[in-house]
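Observations on chain architecture
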Amino acid sequence: MAGNARREMNDQSNELSQLLAIIENVAGGNYSNDIMALTGSDVPGPIRIIAEAMGMMMVKVETREYQLELLVQELRSLNEQIKRNSLQTVSSMAQALEARDAYTRGHAERVAGIAALIACEMGLAPVTVELVRTAGVLHDIGKIGCSDRIFQPHEARNPPDVVKEIMAHPGAGAEILKHLDFLGEVVTIIHAHHERIDGKGYPRRMKGNDIPLGARIIAVADGYDAMTTDRPYQKGMTHQAALEILRGQAGAKWDADCVAAFERLQVIAPAQEQPDEGEPTGTTPPAQ
Ligand SMILES: [Fe+2]
């Protein structure tokens, strides 16, 4: 009789130790089905009751964790959708802007495409390439606040008030986009897309590597597209003529590494090169 009681006490002590070990594991976030071994009818009453309660509690916690995970996934997906919609909205604004000026139709998309190719050629990470592409699409969005005068042909040089408006557009663009947090560095790039390596750009006269790399890339793509498309003040140049100008001002107006990367893009030339019936002007177009 005394032996039976001792054995019973030992069994209880073992099961209690198991229960405590399981509770410790659960407290450490390590759920397992071990608790089920302590819910059998042969397990002493109080330990079984605690084990059953623990089992129920773990099922509820796991269900909530699963629901929480689904919720997080849904929130992530909604967040992505909001980003896409916002980007689509501002891209539509950029396209609407081009409708005001027959000469710049398609300019933003071409700049975005060329800039992304240069970024890729320079070995930038895919996420940065996409960032540069987005900056290319939106780079002139600040012109949305400009008067129609800047889109009208001017004789020789732009009048001072038009120049002032043009020079304000990078800052205006950054101001429009600054609240779209997900755009990140795109806003900084847009603000600096008319800066020059030699510090003679605008609006802040930044120099060299102080200018974000994305902005230096956009500047090359922007300059090339401006030179090779027909504008009120000049007929579009050939690829070769534009390349000569880019080369000639690499290190002064444009970043030399970005120009070199552009030169390596064989894909640009055949697509852009067309028989040129007119004489290229041989001058750099006014910065816009
Ligand atoms: Fe611009």
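We now turn to the structure provided with this report.

Calculation criteria
Residues numbered from 1 in each chain as written. Predicted model: local features only at pLDDT ≥ 70, side-chain atom pairs only at ≥ 80, totals over all residues. Helix = DSSP H or I, 4+ residues; strand = E, 2+ residues; numbered from the N terminus. Buried ≥ 20, exposed ≤ 12 C-beta atoms within 10 Å, placed from the backbone. Core = buried A, V, L, I, M, F, W, Y, C linked by C-beta atoms within 7 Å. Contact = placed C-beta atoms within 7 Å. Axes fitted to C-alpha atoms, helices over the stretch in contact; angles between N-to-C directions. Parallel < 35°, antiparallel > 145°, perpendicular 65-115°, else oblique. Left-handed = near helix turned anticlockwise from the far one by under 90°. Nonpolar A, V, L, I, M, F, W, Y, C, P; charged D, E, K, R; others polar. Expected span 1.5 Å × (residues − 1). Bend = angle between axes of the 7 residues up to and from the residue.

1. Some words on the overall build of the protein chain
- On a plain count of helices and strands, the protein chain comes out with 10 helices and 0 strands.
- Ordered by position from the N terminus, the helices and strands of the protein chain form the series α-α-α-α-α-α-α-α-α-α.
- By the burial criterion, 30% of the 288 residues in the protein chain qualify as buried.

2. Some points on the nonpolar core
- Among the nonpolar cores identified, the biggest contains 47 residues, and Ala115, Ile118, Ile218 and Val220 are the most heavily contacted of them.
- Excluding anything up to four places from it in sequence, Val220 contacts Ile118, Leu246, Trp254, Cys258, Val259 and Phe262.
- Listed in part, the 6 residues of the second largest apolar core include Leu19, Leu38, Val43 and Ala51.

3. Considerations on the packing of helix α3 (residues 107–121) against helix α4 (residues 126–138)
- Between α3 and α4, whose axes approach to 7 Å, the crossing angle comes to 155 degrees. One element, α3, and the other, α4, form an angle in the roughly antiparallel class. Relative to α4, α3 is oriented so that their crossing is right-handed. Contacts from Ala108, Glu109, Val111, Ala112, Ala115, Ala116, Ala119 and Cys120 of α3 reach α4 at Thr128, Val129, Val132, Arg133, Gly136 and Val137.
- Broken down by class, the residue content of the contact of α3 with α4 amounts to 10 nonpolar, 2 polar and 2 charged.

4. What about the packing of helix α7 (residues 213–228) against helix α8 (residues 239–248)?
- Packing of α7 against α8 leaves a shortest axis separation of 9 Å and a crossing angle of 140 degrees. Considering the angle they form, α7 stands oblique to α8. Seen from above, α7 lies across α8 with right-handed handedness. Of the residues in α8, those touching α7 at Val220, Gly223, Tyr224, Met227 and Thr228 are His239, Ala242, Ile245 and Leu246.

5. Regarding helix α5 (residues 160–177)
- Spanning 18 residues, α5 covers 27 Å between terminal C-alpha atoms, matching the ideal 26 Å at 1.5 Å per step.
- Of all the bends in α5, the largest measures some 40 degrees and sits at His169, one to four residues before the proline Pro170.
- If you check which residues of α5 are buried, you get Ile166, His169, Pro170, Ala172, Gly173, Ala174 and Leu177.
- On its buried face, α5 sits against α2 (45–98), α4 and α6 (185–191).

6. Structural notes on α4
- When the terminal C-alpha atoms of α4 are compared, their 19 Å separation across 13 residues agrees well with the 18 Å that a helix rising 1.5 Å per residue should span.
- Residues of α4 that are buried: Val129, Leu131, Val132, Arg133, Thr134, Ala135, Gly136, Val137 and Leu138.
- Residues of α4 that are buried make contact with α2, α3, α5, α6 and α7.

7. Some points on unusual backbone geometry
- Here the residue pair Tyr202 and Pro203 is connected by a cis peptide bond, since its omega of 10 degrees sits within 30 degrees of zero.
- Its identity is not glycine, yet Arg205 carries a phi of approximately 50 degrees, on the positive side.
- The residue Arg205 is located in the loop between α6 and α7 in this model.

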